[in-house]
Each structure stands twice: as structure tokens, then as C-alpha cells.
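Chains, contacts and geometry: an overview
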Amino acid sequence: MNNLKQSPAPGERKLYFKGDCIKIRLAVPDTASCKAFLRTNLGEASTQRIEMIAHIETGRARGGQDWHDIQMIREDSRHFSLTLALVEVGHFEGKCFIIADSGTQPIWPEGDNFHINCQPAGYCCASSIYCAFPRQFGPNKNTPKSLMPTSEQKEAFQTLDKNGFTVIPPSGTFRALAKELDFIIGTLKCRILHLLPINPTPTVYARMGRFGSPYASLDFTAIDPAYAEFDRKATPLQQFLELVDGVHRRNARIFIDLAINHTGWAAKIHEEHPEWLVREADGSIHSPGAWGVTWGDLTELDHHKFTLWKYLADVFLTWCSRGVDGFRCDAGYMVPELAWQYIISAVREQYPDTIFLLEGLGGDPEVTRRLLNFANMNWAYSELFQNYDKNQIEAHVPYSATISASEGIMAHYAETHDNNRLASVSPLYASMRTALSALCSSNGVFGFTNGVEWFATEKIDVHEANALNWGAQLNQVSLIRRLNSMLISLPAFQDNSKLEFLESGAENALCFVRRSSDASSSLLCLVNLDCEKESRVEWKSAEFKIPEEERILDLIAGEAVSPRAEPDGKLALKLPPGGVFCLSRSKDEMRRVLDCENGSEIEADRIEMQKASAMCLELLCSLRRSKLVADCDLESLRRQLLDDPEKLCRIFASENRTEPLKIVRWSWPGDLRRTVMIPPGHALLVRAPCRFRLKITYPDGKKVRVFADSLKQDDVDSHFAIIQPFPVPSSFERAKIMVSAYARNASSRECGQLLLLPHSMDSASLAYSYDEIRDDGKVFLATNGRGGMLRAPIRWAELTSRYDALLAANLSPDFPEDRHVFWRRMRIWTLFYGRSVTLSSENCVSFRVGGDGAGTWTFDVPVGNGKTVGLTLSLYMITGKNTSVMKIRRLAEAENNSSLPDSVPVTLIMRPDIEDRNFHWRTSAISDPENVWPGAVSAGKNDMFFSPSPDRAFALHAMKGHFSAAPEWSY
């Protein structure tokens, strides 16, 4: 009975991305009469995070409330299954079990839980990293050594140093770096700009080198003023935000380096929290170290103090609020796993797509795996850059690929700031190692340090500001652009692709195949690790077939090559020293690479599809209140979303297929100046004419409720995001919507207001009787959906405030502003044989609001001789126009014979009160008409005369500038 087989297998670990679906299956014995369940915390990331945060901040034990059971669906007599949507970033676990029909105790498969690590949809592929040290983007960025300080100048500096002076040359700045974004992002096609630490560093004692180490932070949330120009209009923080906006405007991402294991001497923490410092037995402050080196300019923090973790979580959140997308966590392996679980939980509760890149170099590899898995860090450094010969690389790359497919992506940096420059060996060696890192990358996560592209040879010394050889004629700019274009455009380098090493037959050359997840594309990569001599590489024809007498394309050089067929069924190719080939059998793949290289996009289409899938699944799960999506045609939903998101919202239905998804529309910039109400159960559709990012926060702006990037609608110059319905508040709840909009040449950050409505509200009646009209002071309000309004007291023709108007127009075509009153009210009299009677609350028998939103008054007006005439008057506005419409219809003769016969005409005199004033200006109401009973009303210049009949209605249209009247049929 316990012969249960589960997929994913017990103990299996697998990496997914938000927007994926996972199918879980359980096979039971033929004889089993039972029900099957999955016990998991999938879909409960927020509960998981809240418990972790409370555990650290209050000491409350974690209750495991994120775990729940889901009944599985029986496929046949032996198999059960579930298909679940992955719509949350985090680390999850699960395990199937059965309960026999005759029993009550669960029966489990043998082994551990399966583990799922779900990462943000926007990083499923093509995430190349440019590591920049802002200090180096200064006057010496491309200064030849002949223009560097002379030996005499350096000697003078040293003399001043010895005498207590501080000599620090000008630093590179954010603005200088920002000027190179078109090159870094546009030319090289790097999608992530990674900055070394930008916090203030010591400038006096404990300063190492000429500038001091950026890793000796004095304040984790402050900006080093050396990175800013002196500008009275822009603080250093504002200049950093300029850089952030410049990166986002180009559809790229920005990471910063945070070294939270330690501070510099005389840091802010020393003053505010000296209890957080690690001390020696004699009370002296401890400096950390690694590889047998002690970093004397650093002071280590004591991460056994839970209060320190809360402080550090707020540090990360502060940078997220400034637009930072991810963090390199320097010496992260020295920080306890529980501390990272808490910090990442606190950040993900508000910014779920934040990337954490672990720097675990020099630490225990098992610590790295646990931090990727259980703390749900996203990426970690691979050590490919420290593996040199064939055997080392063939052992390390599969190891990294295994971790990348199960726990977190291993990032292949061609060169880091801690190592000697590749080009110091030779430019050929630098090109070969750069290409190797890109071709071996998992999910396209490939990085390098500034200067690699220019074959810079001076090592990056974090205490100095060495030159980058910028603009050198000999460079590998074209190679890096080609490599990044391959990562962006080719499925063989994207998520779930496979890498397999083949026997190359050469002493120091690599041969490996890359295959896309659907096996539709495969590439053969050949790398000669020897930069001194050529190498002959061979592979079995069956492992990578080439049609007879055909040449294949090298995607790197863009040229055809002709492998030689060997008698033993192998194919062979000679590689020049340091040669790197990426061979494709498809001309279409070469075309796709060239199209990407010559285009402006740096984000792979695959990423847009994954983000669209995530948005569809979030909405579907919200409607169904379940993560079960077995019957979901995700590809079709995704196509509909990108084709017309509003149409998809209209047809999206809940589980019973009877209630379409209701939406509230919010447009940038038009809705920035108004408060938009969101009723219960309504999604929010945000639109803008350019790419944008939005945050929805609580009123104080301190805590983020929703964080989202926009998608582009197909074939339309419109970008959008759909926010699933909010939890319904118990009372009215305000929220801020903060939009960062990225037009082609400018960025803006602006804020609007939302009002979340509760279920239970004081409701207004839609119909009123004669008594209620006389005793109630309510008004009827109608709008045109673009800022104009109609506001009429239900006591007809009375004026209760300066805001009463039958047409108060919003004259701006772009945004709401002070309305302009044009038509204040309409006074109406019946005229019958010289006798006039005013339409008023005295002869109004009812008022109601119809399903079309029009307000309708019904009058029974005495005309003499015991007779009355029945009239209805309806008012509404035309959507999108500054136009009010009034319709008047005479009712048919009543059955009680008190009504005037239909054949007897009655005349109406209508006198509009016309004004031309600002909404808030005071005005004096026009005095009552000459209505001396039972005399007649004298005609004024604005009076209109009509004779309505029971089978006809007259409509009066009031627009800015004129009135028009026309008969209309009543239906």
C-alpha cells in the first residue's frame, strides 16, 4: 500500500519562474481505494513571510500557517494529479499523501519534501551584467599613463599623507557614468548595471589607499558625495536617482553592492549602536578577513543581534524605494542563514521581484546552496573565472548548471574586481574567457567588470581609481555585443536549456552542446583554451549532426565553417589559438542574432512572454481563489492579454463562468490629479503611453502594497499593468499610486490617489416619492467620465450651493481642473390658455435614477378646470463630452380622466440660467420669473417654447457655447 511514486520526486529540487505552472503527479497501487492530497506551502508566500517577520521581531514561534492540503484530481485508477500556477517568488516545499477510504491516517511516499524555488518572471533569461566602479568614471577613465600623476607628484602626496593631510584626487561621478549608459546598455546590450558600493567611506584614519575602500561603509543608506557634482539644484541622492531613472528609461535594471557584514571605522553604527560590533576579549573592535588576510579598514558586525537584522532590512527597503532592483551581497556567506531569511522576507513583502546576488567566494559551497535554497537568494557567483584548464572547467560548469536548475542561478563573471585583469595576460586571452563565460551561462546570467570591453590591463584596486583604457582602438566591444545578442535572441541560452560536454579529443579544448528546452534548437560550442597554439577538436557526428557537404554558421564570427568528416564517424574542426566558435545549423538563428544586434531592444521577447503569463495567472488565481489551473490555456490567455488587456478583463470570468472581471481604469498622466475609487472585487487597469513602473502604498507612503512593471500592448503605443482586486477594507481606505514613467528622452516620478471602498456603505436610494422629495435635500450627480459634471437638487429648479449646475464643464482635454459652470439651472412653466404653472417640488410626484444613469423627475401639473398634465424630465451627460442632455416627454392621458386629453396641446416655456464662471466663484441667482398666479409668464430672450405630446419627446442638448433642441422618438 506504501508503494507510492510521486513527481516531482521526494527530495527533488527545481527552479521555476513566476508565470510557470507545475504539474504534480502521484501513482498509487492498482488495489488502492483512496483519496490523494498534496500538502504544501505553495501559494502562501505572504503568510510565510509574515510569520518569519513576526518570529524575529516579536519572538513569536512560527506556526506553519502557510501549509495547507489540496485534494488531487483522479486521472484513472492509479494516477492523481494537480496543475498549480506559480505566481509568487519564494522557496516552497510539498509532498503528496493518500488516505484510504477505510482509514483516517495519511500514507506518505518515502523521502523528503520536494523543493521549489520560484524566481521573478523578469529574470528568466538574458540577464547580462555590467559591473561598474563609479569612481573610475572620472578624468582618468581613459587617461594614458603619461598623463597620470608623476613620481614627483606621488612623492609630494606621500609627504602630505605622512604629515596628516588628506589628499584625495577628483572621483568619477554618477553623471559621468550616466553619460555612458547608451554605450553600456545600447551598444554592449547589457541589461543590468551593477555598481560597487556607493556609500561614504573613511577619508581620514583607517582610510586605505588614495581614496579609501568603498566596502568600508560609513552609512549604509547614504551616498558618497564624491560621486556627485556640486549642484545647488540636485543633491547627491538626487543625482543617484538620475542614474537610476536613466537605467530604467532604457529598459535595464540597476543593482548595488551592499556589504552588510561590516562597516568602516567611525561608521554611523559605531555612534548609534556600538553594541552591534564584534569585539575581541580585550574589548577592541574586531576586523574581518578571508584567505589569510585581515581587512584592517573594516569593523565586523555581530549578526547574533536580532535588532541589527531589523536595521539592515530597513536599509535594503530604503534602496528599493529609490528604484534599486537588486543587491550584490558582499561576504554574504558570513551572515547567518536566519538573518537572510528575515531580511529577504521583509524586502519581498513589499518588493517581491528584488534580486539577491550572493557573493560566497571563499566560503563553504554548502552554505551557498542553503542560502540559495532555504533563504531563497536568487543568484550566486560561480567560480568559473577561477577555473582555467579543461578538466577544471568540465567539472565546474556542470556543477554550476545543476545548482542553477534547482536552487538559484550561478552567475558566470568573466572577471571580477577582486582578480587580475584578463587583458593583462593578453587581449586574445580576455576575448576567449569572456566568450567562454557567456556561452556557459545559465539563463543568460553573464557578467564582467568595466574595462573588460576595452582590454584594460590595470587591476581594479578598490582603494584607488585606475584607468579603464576607455575608447581604446583595440577592444572587444563588437564581441560582447554579439554575445549578448545571442543570449537575448536564442532559446538555447534561455531558461530550461541544457548544456552537455562532449569529448573533444583535444588536450585543452572544450566541446559542448547547448539545447533549448523544447529541443527545437541546438548549438555546438567549441573553445580553444590555449592562446599559444591551434587545437583540433572532434566530436561524434551523432552528437551534433551536420548534413553532408554542408557548411554551418559560426554565430560569433558570422561566417560559414566546414568541419571535416573523419573515417570513424566523427567530425573535426581546427581552432586557432584562443579560438571560440558557436556553430548553428540554422540561418534563421543567425538572422535573429543580427536583428537583435541591430535593434534597440535589450529585453528578450521570452521575458515579455513570461511576465505576461505571470499577470494572467495572478488574475486567474485571484478570481478562482485557488492556484489550481488544470484547465487553463495559458498561451491563449497571454495572447489575448497582449492583444487587448481590457478585452481580456471583460471576458475573464470566475470559476462559475458567470461573473466577468470588473475593472477600474487609471491613466497616466490624466488621473494624477483626481482620487480614483476602487469598489470591492474590481481589478485596477493602469495605462500610459510609455513604459512605467508603479507602486501602490499606504497613505503615509512607507509600506508598499503593490509593485509592478508595465507590459506593452501589441501593435499599439500603449503600456499597461493589471492589478488584481485588493482585499476589501472594513471602511474607506486611502492609498497612493506612485508612477515612474519612462518616455524616450525623459523620466518622471509622480503620485496619484486611490480610495478603496468597503462592502458595507451607506447606500443611496434610487427612487423618491413626493414626500421624500419635499423633505430631503439630496442632489442628483452625473458625470461625463472626463471631469465634467451635472449636479441638480432633486427639488427641481432650486439652488442649494454655488456648485449646482446642469453643465459644469471640464475644459482641459488632458486632466481634471476647476470646472466651468455654463448652464446653472432650467426653470420651466406649463402654459395653457394664459395660465402658467411652475414645475417644482410641489407638483413633482417622484424622482428616480435609471439603469442608464439618467435622473428622471415625474410631474403632475395642474392646468385648471380640475385637469392636470403629466410630464417626465430626464437629465444625463454624454460620456467623454462636455454635453448635458435634457429630455421632456408628456405622459399619456391617465385612466382616471383627470388628465388633460392627449389631443389638447400644452405649451412649455423653458428658461435656461446661463453663466460663464469658474466652478468656485460666487454668483447671485436670477430672481424668480414673473409668475403671478394665474397670469402668464412674459417671454425672455432665452425662453424656449415647446409643445410635447405623448408620442414624442423633445431633447435639449446643452454644450459649451450653445443650446440645441430636437424632437426624439421615445421608446
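The structure we're discussing is the one just above.
Being a predicted model, the structure only gives us computed values, none of them experimental.

Calculation rules
- Each chain has its residues counted from 1, running along the sequence as written.
- Given that this is a predicted model, residues contribute local features only at a pLDDT of at least 70 and side-chain atom pairs are listed and counted only at 80 or more, while totals for whole chains, interfaces and linings are drawn from all residues.
- The basis for every side-chain value is the complete set of non-hydrogen atoms in the structure, without hydrogens or water.
- For two strands to be treated as a pair, DSSP must find at least two bridges joining them.
- Only DSSP runs of H or I reaching four residues or more are called helices, and only runs of E reaching two or more are called strands; each is numbered from the N terminus.
- For helices, the axis comes from a line fit to the C-alpha atoms of the stretch in contact; other axes are also lines fit to C-alpha atoms, and the angle between any two N-to-C directions lies between 0 and 180 degrees.
- Two helices that cross are described as forming a left-handed crossing if the nearer one is turned anticlockwise from the farther one by less than a right angle, and a right-handed crossing if clockwise.
- We call two residues contacting when some pair of their heavy atoms lies within 4.5 Å.
- Ten residues, namely Ala, Val, Leu, Ile, Met, Phe, Trp, Tyr, Cys and Pro, are considered nonpolar, four, namely Asp, Glu, Lys and Arg, are considered charged, and the remaining ones, Gly among them, are considered polar.
- Expected span of a helix, by definition, is 1.5 Å for each gap between consecutive residues, and there is one gap fewer than residues.
- Under the scheme applied here, a residue whose accessible area is under 20% of the maximum for its type counts as buried, over 50% as exposed, and between as partly exposed, the area being computed with a 1.4 Å probe on protein chains only.
- Whenever a nitrogen or oxygen atom comes within 3.5 Å of another N or O atom, the pair is scored as a polar contact, on the condition that within protein one atom can donate a hydrogen and the other can accept it, and that pairs from neighbouring residues in sequence are kept only if both atoms are in side chains.
- Just to be clear on terms, a salt bridge is a Lys or Arg side-chain nitrogen sitting within 4 Å of an Asp or Glu carboxyl oxygen.
- In this analysis, rings of Phe, Tyr and Trp, with Trp reduced to its six-membered ring, are considered paired at centre separations within 6.5 Å, and the interplanar angle assigns stacked below 30 degrees, edge-to-face beyond 60, and tilted for intermediate values.

Topic: the sheet that holds strand 33 (residues 682-688)
As summarised here, the arrangement of the four strands in space is 31-33-37-36, forming an open sheet in which the pairing is mixed. Looking at the sheet topology across the chains shown, the edges are occupied by strand 31 (662-667) and strand 36 (711-712). In this sheet, strand 37 (residues 719-723) lies alongside strand 36 in antiparallel orientation, the contact comprising two bridges. Counterpart to leucine 711 in the pairing with strand 37 is phenylalanine 720.

Quick word on the packing of helix 7 (residues 306-321) against helix 8 (residues 337-348)
At a minimum axis separation of 9 Å, helix 7 and helix 8 run at an interaxial angle of 40 degrees. Crossing of helix 7 against helix 8: the hand is right-handed. Mapping the contact onto sequence places Trp309, Lys310, Leu312, Ala313, Phe316, Leu317 and Cys320 in helix 7 and Leu338, Ala339, Trp340, Tyr342, Ile343, Ala346 and Val347 in helix 8. Counted by class, the contact of helix 7 with helix 8 contains 13 nonpolar, no polar and one charged residues.

As for helix 10 (residues 390-406)
Residue pairs spaced three or four apart in an α-helix point in one direction, given the helix's 3.6 residues per turn. With 17 residues, helix 10 extends 25 Å from end C-alpha to end C-alpha; this agrees with the ideal 24 Å at 1.5 Å per step. Turning to helix 10, its buried residues are Lys390, Ile393, His396, Val397, Ser400, Ile403, Ser404 and Ser406. Taking the backbone nitrogen of asparagine 391 as reference, a side-chain oxygen 3.2 Å away marks aspartate 389 as the first, capping residue of helix 10.

A few points about helix 1 (residues 45-58)
Taking 1.5 Å of rise per residue, the 14 residues of helix 1 would be expected to cover 20 Å, and the 20 Å separating its terminal C-alpha atoms lies within 8% of that figure. For helix 1, the complete set of buried residues consists of Ala45, Gln48, Arg49, Glu51, Met52, Ile53, Ala54 and Ile56. Looking one or two residues beyond helix 1, the residue adopting positive phi is glycine 59, at roughly 80 degrees.

Considerations on the pattern of salt bridges
Note that side chains of opposite charge can pair when their charged atoms are close. Within the structure shown, the criterion is met by 52 salt bridges. Linking arginine 253 and aspartate 709 is a salt bridge whose minimum nitrogen-to-oxygen distance equals 3.7 Å. Of the two residues, arginine 253 sits in strand 12 (residues 253-258) while aspartate 709 sits in strand 35 (residues 704-709), which places them 456 residues apart along the sequence. In this structure arginine 253 comes out as buried when scored by relative accessible area, which is 6%. Relative accessible area serves as the criterion here: at 24%, aspartate 709 is assigned to the partly exposed category. Shared partners join several salt bridges into a network, and the residues in it are Arg191, Arg253, Asp325, Glu603, Lys611, Arg693 and Asp709.

Looking at the packing of aromatic side chains
Inspection of every chain in the model, using the stated rule, returns 29 aromatic pairs. Relative to phenylalanine 327, the ring of phenylalanine 316 lies with its centre 4.8 Å away and its plane at 80 degrees, an arrangement referred to as edge-to-face. One end of the pair, phenylalanine 316, is in helix 7; the other, phenylalanine 327, is in strand 17 (residues 326-329), and 11 residues separate them in sequence. Geometrically, the ring pair formed by tyrosine 381 and tyrosine 413 is stacked, given 4.6 Å between the ring centres and 20 degrees between the ring planes. Taken as a pair, tyrosine 381 in strand 19 (residues 379-381) and tyrosine 413 in strand 20 (residues 409-413) lie far apart in primary sequence, 32 residues in all. Each member of the pair, tyrosine 381 as well as tyrosine 413, is classed as buried. A network of ring pairs unites the aromatic residues Phe137, Phe183, Trp454 and Trp470 as a single cluster.

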